[in-house]
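# Chains, contacts and geometry: an overview
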Amino acid sequence: MMSSNQRENKRRERKNAKTKKKIKFLWILIIAIAAVIVVLKVCEIDFSGLFSSEKKDNSSGYAVSVDEEGFPYKIDAGDNTVLSVVGNKIAVLNSASYTVIDSSNAEELIHDEHRYANPMIKISGGYSVIFDQGATSYRLDSQKENIYENSTDKEILCADVSDTGAVAVATALGNQRSRVQVLSKSFSEKMNYEIKGGYITSIAIDDRGKSVAFVVISSENAQIKSTLYTMNVNDTEPKAHIDYNGSAVLDIHFVSGSLYVVGSDFVSVVSSLEKETVVYEKGSINTLAYCYNPADYLVIAYSDYAGAVNSKLAYVKQNGKIKTTVEVDAEIKDVSASGNEMSALTSNEVVSYRLSNGKKEAYIKLDDSFTDIQQLSSKLYAKHHSYLEIIND
């Protein structure tokens, strides 16, 4: 008969074998958990199935009448709708489809059912890259058409696109290794770099497609550690790295020769790929929402601490200087900005301020069923139930 020690050893061997097979999936789960911790938007309930015809009502009594300009525009049924601007068009991505519409008349320029399980989008100038996080497919689009769809040999962690259409893609290699690839619009490989010690959670490529930055998440002393790496695409090794212990990096974004680093509780700017300027010290803010205006400057909404009833909205220049800060007497749900204004959505209003001096430019009373805003030139768009509306006509 098998002794108790032998049975125990066999059991441990089976357990270890199973554990090894699950290592890659566990790391993906860690990344997902980190994303949940820092997520800035609440998933919306979609009521599109309750609408029909040009004038429609839902169970809450909300009625829509489409005007001559094509707005309100009915959004496809799907979860996690994201509004963006690509060029001078409005991009709408959710779990079901990707649509680009003309901002003046709601004409559909692109309308595709993408079939991605977990679609994410990044935009630069007139290009967008949509990738299926955790799977292997991604696509490059212009304002008017799909340019290509491609697949990777490993699971995609994140991606970004430049003004030239060059795409940076980070994939998971297993055993705490990741790969960064940069491909031109014509599929010419410009960079292929492998990093060890963790998985990449955010990646950025500059407007010209010449420099990249990426954040690797790992753990140290039972604490999350985020490490930012910067390098030129023709470098063999990173130019610099910066550690952020105990803080999650939500996003990185190039503006000319500088890089914004937006954290859950801090903001920094890195110039020339090496020199860090601290805008908000680690632990000094609680990030609520952020965006970049057409010049790629950062607009950030934050509170002094989690659960605070008041918020602040700030405009941060590429040199790390805070140009404008305004106080908002509510918790900010979403932000957007044009070349001249920054706007904040709360549970009962949208307020717009001049970027240069914080002067209040507009005040629009709303209810809490408005969930996302997008500012494009002088117009403010908002997601309301299953519709995209112009709210400042």
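Residues numbered from 1 in each chain as written. Predicted model: local features only at pLDDT ≥ 70, side-chain atom pairs only at ≥ 80, totals over all residues. Heavy atoms only, no water.

### Notes on the sheet that holds strand β26 (residues 311-316)
- Taken together, the four strands give an open sheet; going across it, the order is β24-β25-β26-β27, and neighbouring strands pair in antiparallel fashion. The sheet is open, and its two borders are formed by β24 (286-292) and β27 (322-328), each paired with just one other strand. Across the sheet, the mean angle from the axis of one strand to that of its neighbour is 20°, orientation sign disregarded.
- Bridge count between β26 and β27: six bridges; the pairing is antiparallel. Looking at the pairing, Val 316 lines up with Ile 322 of β27. (Pairing = 2+ DSSP bridges. Helix = DSSP H or I, 4+ residues; strand = E, 2+ residues; numbered from the N terminus. Axes fitted to C-alpha atoms, helices over the stretch in contact; angles between N-to-C directions.)

### What to know about the packing of aromatic side chains
- Applying the stated criterion across every chain, the model contains 10 aromatic pairs.
- With centroids separated by 6.4 Å and ring planes inclined at 45°, the aromatic side chains of Tyr 193 and Phe 214 adopt a geometry described as tilted. Taken together, the residues Tyr 193 in strand β15 (residues 189-196) and Phe 214 in strand β17 (residues 211-220) connect sequence positions 21 residues apart.
- Of the residues examined, Tyr 193 reaches a relative accessible area of 11% and is grouped as buried.
- Here a set of aromatic residues connected by ring pairs shows up, and it is made of Tyr 138, Tyr 148 and Phe 187.
- Here the guanidinium or amino end of Lys 317 rests over the ring plane of Tyr 297, the centre of that ring lying 5.4 Å away. (Phe/Tyr/Trp six-rings, centres within 6.5 Å; stacked < 30°, edge-to-face > 60°. Buried < 20%, exposed > 50% of the residue type's maximum accessible area, 1.4 Å probe, protein only. Lys NZ or Arg CZ within 6 Å of the ring centre and 35° of its normal.)

### Brief notes about the side chain of Ser 268
- When you line up the elements, Ser 268 lands in strand β22 (residues 267-271).
- There is a polar contact of 2.8 Å between the side chain of Ser 268 and the side chain of Glu 276. (Polar contact = N/O pair within 3.5 Å; in protein donor to acceptor, adjacent residues only side chain to side chain.)

### Comments concerning the sheet that holds strand β16 (residues 199-205)
- Reading across from one edge, β16-β17-β18-β19 is the order of the four strands in this open sheet, with antiparallel pairing throughout. Two strands bound the open sheet, and with one partner strand each, they are β16 and β19 (240-245). On average, each strand axis in the sheet is inclined to that of its neighbour by 20°, with strand direction left out of account.
- Bridge analysis of β17 against strand β18 (residues 223-232) gives 10 bridges, and the strand direction is antiparallel. Considered in β18, the bridge of Phe 214 is made with Tyr 229.

### Examining the nonpolar core
- Counting residues in hydrophobic clusters, the biggest one holds 33 residues, and the most contacted among them are Tyr 138, Val 167, Met 191, Ile 200 and Phe 214.
- Ignoring anything within four residues of it in the chain, the contact list for Met 191 reads Val 180, Gln 181, Val 182, Val 212, Met 231 and Val 233.
- Membership of the second largest hydrophobic core comes to 32 residues, among which are Tyr 297, Leu 313, Ala 344 and Val 351. (Core = buried A, V, L, I, M, F, W, Y, C linked by side-chain atoms within 4.5 Å. Contact = heavy atoms within 4.5 Å.)

### Digging into the confidence of the model for the protein
- Here the protein averages 88 in pLDDT, while 83% of its residues score no lower than 70.
- Confidence drops under a pLDDT of 50 for residues 18-26, and excluding neighbours within four residues, the segment shows one contact in the predicted structure.
- Considering only residues more than four positions removed or in separate chains, one finds that residues 36-61, a stretch of pLDDT under 50, has 51 contacts. (pLDDT = per-residue confidence, 0-100.)

### With respect to the pattern of salt bridges
- For the structure on display, the rule yields 12 salt bridges.
- Here Asp 251 ties to Lys 122 by a salt bridge, and the two come within 3.6 Å at their closest N and O atoms. Linking Asp 251 in strand β20 (residues 249-255) with Lys 122 in strand β8 (residues 119-124), this pair joins segments that are 129 residues apart in sequence.
- Given a relative accessible area of 8%, Asp 251 falls into the buried group.
- Two residues, Asp 206 and Arg 208, come together in a salt bridge whose shortest N-O distance is 3.7 Å.
- The buried category is assigned to Asp 206, whose relative accessible area is 4%.
- Taken together, the shared-partner salt bridges in this structure form one network comprising Asp 112, Arg 139 and Asp 141. (Salt bridge = Lys/Arg side-chain N within 4 Å of Asp/Glu carboxyl O.)

### A look at the pairing of strand β9 (residues 127-132)
- Across the six residues that make up β9, a large majority, six, are buried.
- What you see with β9 is no split at all: Tyr 127, Val 129 and Phe 131 on one side and Ser 128, Ile 130 and Asp 132 on the other are buried throughout.
- Where β8 lies against β9, six bridges are found, and the strand directions are antiparallel. Each residue of the ladder has a partner; that of Ile 123, found in β9, is Ser 128.
- Linking β8 to β9, which pair antiparallel, is a turn of two residues; within it Gly 125 sits at a positive phi near 60°.
- Relative to strand β10 (residues 137-141), β9 runs antiparallel, the two being bridged by four bridges. The residue bridging Phe 131 from the neighbouring strand is Tyr 138, located in β10.

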